[in-house]
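Listed here are the chains, written in short residue letters.
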Amino acid sequence: MKRRLAILGSTGSIGTQALEVVSEHPELFDVYAITGNNQVDLLINQARQFMPEIVVVANERKYPELKEALEDLPIKVWAGIDAIVQVVQMEPVDMVLTAMVGYAGLRPTIAAIRAGKAIALANKETLVVAGDLITALAAQYKVPVIPVDSEHSAIFQCLVGESENKVEKILLTASGGPFRTYSKENLERATKNDALKHPNWTMGAKITIDSASMMNKGFEMIEAKWLFGLLPEQIQIVVHPQSVVHSMVQFVDGAVMAQLGIPDMKLPISYAFSYPKRLFSKLPRLNFKQYSSLTFEEPDLDRFRNLAFAFDAVHKGGNMPCVLNAANEVVVSAFLQDKIGFLKMSDIIEQVMGKVTFILSPTYEDYVVTDFETRKITEELI
Ligand code: MG
């Protein structure tokens, strides 16, 4: 029996690599549905190649173009966010890969869990915004949530067979991004093009900026807390510029397990799709001769204030991580449009975190309101 996949965000960086994994193992996987936001041309090509049952474009204005291009094929063409929420619940779907960007991932992920679908989680913002809701729902519906984020996949892999053993802490590795060695003055002047040049990983624009500002690592700390049921104090961020050690787990006896590999997302994607099995991969193997040293250093919370904000948000709890995420989405978008400078992003996030109404035990509706309110306040400060 092939595993039938719904791939949300199929035109993004993770989505396209997920389809490469599928095309290397056509005997194991079947693409039931693909969804994209805007990139209709790529959606059309993917639909012709993988022949899914359903293709959804989130932007409804793009519907006529997509519909017309696929008219000769027996593929259902839908549009809009509600259609994405519907597609994840379709009976034949076995697993949903959530690879869309940002807060938009929350609703479809909740719908997929309620429908009992296994989740390959690539949308970390879902756990940042509403980790409490998602974790409780996944437990209630007995749905596995398998991380695709490389660090979390590493931790997940280190924990295989260790269910009876207590984790003392995890060591979440960070490349440090393109600005690891920048002074504050250099950060002040850093441009969009500087920030988009990540040394090790090729990713979408939003996550590349988040990596440069280290907000990505702050989010990953929150993501790890929920995925592995840890206290924030049990998560140590370690800067490791070579991106070879993808993360580590330290157990109560002091043993540290690490997962290593070349920086390529196809490995964690493939593992999430095939877990608990490993699939043959044609990826280049890690060649230790290429790395005369692997180095590790402390993150600098003074230059990368977003890391400190993430710890603040998770300690305060409630809707504060949701505020952090929404403010970040707005400032990153403003930075990408050259409206604000690099360090200004953190300044604004800090102000917003002090302004939004705090809710200690938010419901889903509270998160929706918080996201809306935060975006408005952030826009006003830009
Ligand atoms: Mg990551």
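Residues numbered from 1 in each chain as written. Predicted model: local features only at pLDDT ≥ 70, side-chain atom pairs only at ≥ 80, totals over all residues. Heavy atoms only, no water.

A.B. asks: So, the overall build of the chain: which residues are in play, and what are the values?
C.D. replies: When you go through the chain residue by residue, the secondary structure sums to 16 helices and 11 strands. Taking 21 Å as the expected radius of gyration for a compact globule of 382 residues, we find that the chain reaches 20 Å, a close match to that expectation. Across its three principal axes, the chain shows a C-alpha extent of roughly 55 × 50 × 40 Å. Among the 382 residues that make up the chain, the fraction classed as buried is 54%. Partitioning the intrachain contacts of the chain with sequence separation of at least 6 by distance along the chain shows that 69% fall at a separation of at least 24. Carbon and sulfur atoms provide 52% of the accessible area of the chain, an area that totals close to 16800 Å². (Helix = DSSP H or I, 4+ residues; strand = E, 2+ residues; numbered from the N terminus. Rg over C-alpha atoms; globule rule 2.2 N^0.38 Å. Buried < 20%, exposed > 50% of the residue type's maximum accessible area, 1.4 Å probe, protein only. Contact = heavy atoms within 4.5 Å. Areas by Shrake-Rupley, 256 points an atom, 1.4 Å probe, with all protein chains shown as cover.)

A.B. asks: Account for the environment of F309, naming residues and giving values.
C.D. replies: Its location among the elements puts F309 in helix α13 (residues 305-316). Residue classification places F309 among the buried residues on the basis of a relative accessible area of 6%. Separated by 40 residues in sequence, F309 and I349 place their C-alpha atoms 8.4 Å apart. The residues contacting F309, other than those within four sequence positions of it, are L324, S346, I349, E350 and M353.

A.B. asks: Could you give an account of the coordination of the magnesium ion, naming the residues involved and the relevant values?
C.D. replies: Distances from the magnesium ion to its protein donors, D149 (OD), E151 (OE) and E220 (OE), fall within 2.0 to 2.2 Å. Within one chain, the residues donating to the magnesium ion are spaced in sequence as D-x1-E-x68-E. Just as D149 is buried, E151 falls in that class too. (Donors = N, O, S within 2.8 Å, 3.2 Å for Na, K, Ca; no water.)

A.B. asks: Tell me about the sheet that holds strand β11 (residues 256-260), residues and numbers included.
C.D. replies: Spatially, the four strands line up as an open sheet ordered β9-β8-β10-β11, and their pairing is mixed. Edge positions in the sheet fall to β9 (235-239) and β11, since each has one partner strand and no second. On average, each strand axis in the sheet is tilted by 20 degrees relative to the strand beside it, whichever way the strands run. Here five bridges tie strand β10 (residues 245-251) to β11, and the two strands are oriented antiparallel to one another. Within the sheet, the bridge partner assigned to S247 lies in β11 and is Q259. (Pairing = 2+ DSSP bridges. Axes fitted to C-alpha atoms, helices over the stretch in contact; angles between N-to-C directions.)

A.B. asks: Break down helix α15 (residues 342-353) for me, citing the residues and quoting the values.
C.D. replies: F342, L343, M345, S346, I348, I349, V352 and M353 are the residues of α15 that are buried. Summarising the contacts, the buried residues of α15 are in contact with α8 (184-189), α10 (205-212), α11 (215-228), α13, α14 (320-336) and α16 (364-381).

A.B. asks: Which residues make up the pattern of salt bridges, and what are the values?
C.D. replies: Across all of its chains, the model carries 19 salt bridges by this definition. A salt bridge links R48 to D72; the nearest nitrogen and oxygen atoms lie 2.9 Å apart. Of the two residues, R48 is situated in helix α2 (residues 40-50) and D72 in the loop between α3 (63-69) and β4 (76-79); the sequence distance between them amounts to 24 residues. Look at R48 and you get partly exposed, because its relative accessible area is 38%. Relative accessible area serves as the criterion here: at 55%, D72 is assigned to the exposed category. Residue K184 pairs with D302 through a salt bridge whose shortest N-O separation is 3.8 Å. Placement of the pair is K184 in helix α8 and D302 in the loop between α12 (266-274) and α13, with a sequence separation of 118 residues. Each of K124, D149, E151, K217 and E220 takes part in a single network of salt bridges with overlapping partners. (Salt bridge = Lys/Arg side-chain N within 4 Å of Asp/Glu carboxyl O.)

A.B. asks: Give me the lowdown on a negative patch on the surface, citing residues and values where you can.
C.D. replies: The grouping of D41, E65, E68 and E71 at the surface amounts to a negative patch. Assignment of secondary structure puts E68 in helix α3. Residue E68 is classed as exposed on the basis of its relative accessible area, which comes to 60%. (Patch = residues over 30% accessible without salt bridge, like charges linked within 9 Å, V, L, I, M, F, W, Y side chains within 5 Å. Lys, Arg positive; Asp, Glu negative; His and termini not counted. Charge placed at Lys NZ, Arg CZ, Asp CG, Glu CD.)

A.B. asks: Break down the nonpolar core for me, with residues and values.
C.D. replies: Across soluble globular proteins, nonpolar side chains show a tendency to be buried alongside one another. Counting residues in each nonpolar core, the largest one holds 87 residues, and the members touching the most others are L66, L97, F273, L324 and F342. Ranked by the residues each element gives to this core, the list is headed by α14, at eight residues. When sequence neighbours within four positions are dropped, the list of residues in contact with L97 reads A6, I7, L8, I14, A18, A120, A122, V148 and F273. Among the nonpolar cores identified, the runner-up in size contains 33 residues, and A6, I54, I119 and Y367 belong to it. (Core = buried A, V, L, I, M, F, W, Y, C linked by side-chain atoms within 4.5 Å.)

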